[in-house]
Amino acid sequence: MESLPRIDFVELHDLDRTPAVLRTLHTESIVTIYRLTDAARAYSVPLSIALREGASHRIVDLCAGSGGPVPLIQRKLHREGIHTQVTLTDLVPNVRAFQRVQAAHRRRLPNCCSVDYVSSSVDATDCTVEGTRTIYGAFHHFPPVLASRMLQNAVDTRSPMVVVDTKRSFLYVLLFPFLITLAVLLSAPFQRNPLPRYLLRLALTYLVPVLPFMMFFDSVVSFLRMYGRAELRRMVDGLADTETFTWKIGVVPGFTGAQYLIGIPRD
């Protein structure tokens, strides 16, 4: 499928007209799917590689949504003896979700590592927060010009960069949207939300299935928007001063198809 052109279409939860509460329900569902699939097992590998090769243990997570997989990855790395400090950021930060993630972290790891957040808007293409930048499951949302600008900003500020997305595959386009939608249908009653939003989630899942439809549609579009490894290579080759970084592109073996791009500043 990498021989086919990337299709840059719009996802419903990216639309300006999508209600903020629906966007929040969507990103919270994604976090639940990360937990159900144990995506942290595969997603932690690229970050672990970067940290072992000298990247800062201060992690700046871009496009964190409602918390994303990074807190799960942090706990996975903690069990392996790798300790990190995570800062959650987003262009439109979900501060309440970040606060819930922070509180949950303090209960699980009260004496080690840390999770904090930036409550103001952080542009992933012009970030000034210091640390190793990560972007999980969101790089494909950026068209090539903005994706390159994000990587160029990392090079210009000499910030290590870890990009993780799913590889572009016919199998994933045909299979994963159904599995993800099924996970949304099964997990809705077990989501931890304030009562009004919990009831709204149930209504938009079962009475008027807006959320499952949105998840299915966006999943299909997401897999068609994924960058292939050759496209990532052309992107980094086109960056100014790209030779000042060491770049690695690969795929973590396993069901998730986690594809990564790692950039580490050279000494």
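Each value, and the rule that gives it
Residues numbered from 1 in each chain as written. Predicted model: local features only at pLDDT ≥ 70, side-chain atom pairs only at ≥ 80, totals over all residues. Heavy atoms only, no water. Pairing = 2+ DSSP bridges. Helix = DSSP H or I, 4+ residues; strand = E, 2+ residues; numbered from the N terminus. Axes fitted to C-alpha atoms, helices over the stretch in contact; angles between N-to-C directions. Patch = residues over 30% accessible without salt bridge, like charges linked within 9 Å, V, L, I, M, F, W, Y side chains within 5 Å. Areas by Shrake-Rupley, 256 points an atom, 1.4 Å probe, with all protein chains shown as cover. Salt bridge = Lys/Arg side-chain N within 4 Å of Asp/Glu carboxyl O. Lys, Arg positive; Asp, Glu negative; His and termini not counted. Charge placed at Lys NZ, Arg CZ, Asp CG, Glu CD. Buried < 20%, exposed > 50% of the residue type's maximum accessible area, 1.4 Å probe, protein only. Parallel < 35°, antiparallel > 145°, perpendicular 65-115°, else oblique. Left-handed = near helix turned anticlockwise from the far one by under 90°. Contact = heavy atoms within 4.5 Å. UniProt positions renumbered as here; feature names shortened; annotations may be inferred. Right-handed = clockwise from strand over helix to strand, strands pointing away. Disulfide = S-S within 2.5 Å. Domains from an automatic or database assignment. Buried area = accessible area lost by both parts, 1.4 Å probe. Polar contact = N/O pair within 3.5 Å; in protein donor to acceptor, adjacent residues only side chain to side chain.

## Concerning the sheet that holds strand E7 (residues 258-265)
- Spatially, E3-E2-E1-E4-E5-E7-E6 is the arrangement adopted by the 7 strands of the open sheet, whose pairing is mixed. Looking at which strands have only one partner, the edges of the open sheet turn out to be strand E3 (114-117) and strand E6 (245-251). Here the average twist between neighbouring strands, direction ignored, is 20°.
- In this sheet, E3 lies alongside strand E2 (residues 85-88) in parallel orientation, the contact comprising 4 bridges. Bridge pairing links Leu88 to Tyr117 in E3.

## Notes on a positive patch on the surface
- Side chains of Arg35, Arg107, Arg108 and Arg192 sit close together on the surface and give a patch of like positive charge.
- As for its placement among the helices and strands, Arg108 is situated in helix H4 (residues 95-108).
- Using a relative accessible area of 47% as the deciding quantity, one classes Arg108 as partly exposed.

## A few points about the packing of helix H2 (residues 39-52) against helix H3 (residues 70-79)
- One can describe the packing of H2 onto H3 by two numbers: an axis separation of 9 Å at closest approach and a directional angle of 70°. It follows from the interaxial angle that H2 and H3 lie roughly perpendicular. Along this stretch, H2 crosses H3, giving a crossing that reads as right-handed. Each of Ala40, Arg41, Tyr43, Ser44, Leu47, Ser48 and Leu51 in H2 lies in contact with H3, whose residues at this interface are Leu72, Ile73, Lys76 and Leu77.

## As for the pattern of salt bridges
- This model, assessed by the stated rule, comprises 12 salt bridges.
- Close ionic contact of Asp8 with Arg6 constitutes a salt bridge, the shortest N to O distance being 3.7 Å.
- A relative accessible area of 13% places Arg6 in the buried class.
- One salt bridge connects Glu28 with Arg197, and the closest N-O pair in it is separated by 2.7 Å. One end of the pair, Glu28, is in helix H1 (residues 20-37); the other, Arg197, is in helix H7 (residues 195-207), and 169 residues separate them in sequence. Note on accessibility: Glu28 and Arg197 belong to one class, buried.

## Description of the UniProt feature "transmembrane region" (unreviewed entry) in the chain
- As recorded in UniProt, the sites labelled "transmembrane region" (unreviewed entry) are residues 170-190 and 202-224.
- Structurally, residues 170-190 comprises 86% helix and 0% strand, and the distance from its first C-alpha atom to its last is 31 Å.
- Summarising residues 202-224: 91% helix, 0% strand, and an end-to-end C-alpha distance of 29 Å.

## With respect to the pairing of strand E5 (residues 161-166)
- Taken across its 6 residues, E5 has 6 buried, putting it largely inside the fold.
- Along E5, one buried face is formed by Met161, Val163 and Asp165 and the opposite face, lined by Val162, Val164 and Thr166, is buried too.
- Note: strand E4 (residues 132-136) against E5, 4 bridges, orientation parallel. Considered in E5, the bridge of Tyr136 is made with Val164.
- The handedness of the E4 to E5 crossover, carried by helix H5 (residues 144-156), is right-handed.

## Thoughts on the state of the cysteines
- Summed over all chains, the structure comprises 0 disulfides.
- Looking at the unpaired Cys127, the closest cysteine sulfur is the one in Cys63, lying at 9.9 Å.

## Quick look at the domain arrangement of the chain
- One can read the domain layout of the chain as domain 1 (10-36 + 173-225) and domain 2 (40-168 + 226-266).
- Each of domain 1 and domain 2 has a C-alpha centre, and these two points are 23 Å apart.
- With 16 residues of domain 1 at the interface, the matching set in domain 2 holds 18 residues.
- Both faces combined, the contact of domain 1 with domain 2 buries some 1400 Å², and carbon together with sulfur accounts for 55% of it.
- Of all residues in domain 1, Tyr34, Phe223 and Arg225 bury the most surface against domain 2, accounting for 43% of the area lost on that side.
- Our count for the domain 1 to domain 2 interface comes out at 1 salt bridge.
- For the interface between domain 1 and domain 2, the tally reads 8 residue pairs in polar contact (both at pLDDT 80 or more).
- Every element with two or more residues in the side of domain 1 that touches domain 2 is listed here: H1, helix H6 (170-187) and helix H8 (210-225).
- For the side of domain 1 that touches domain 2, the element with the highest residue contribution is H1, accounting for 6 residues.

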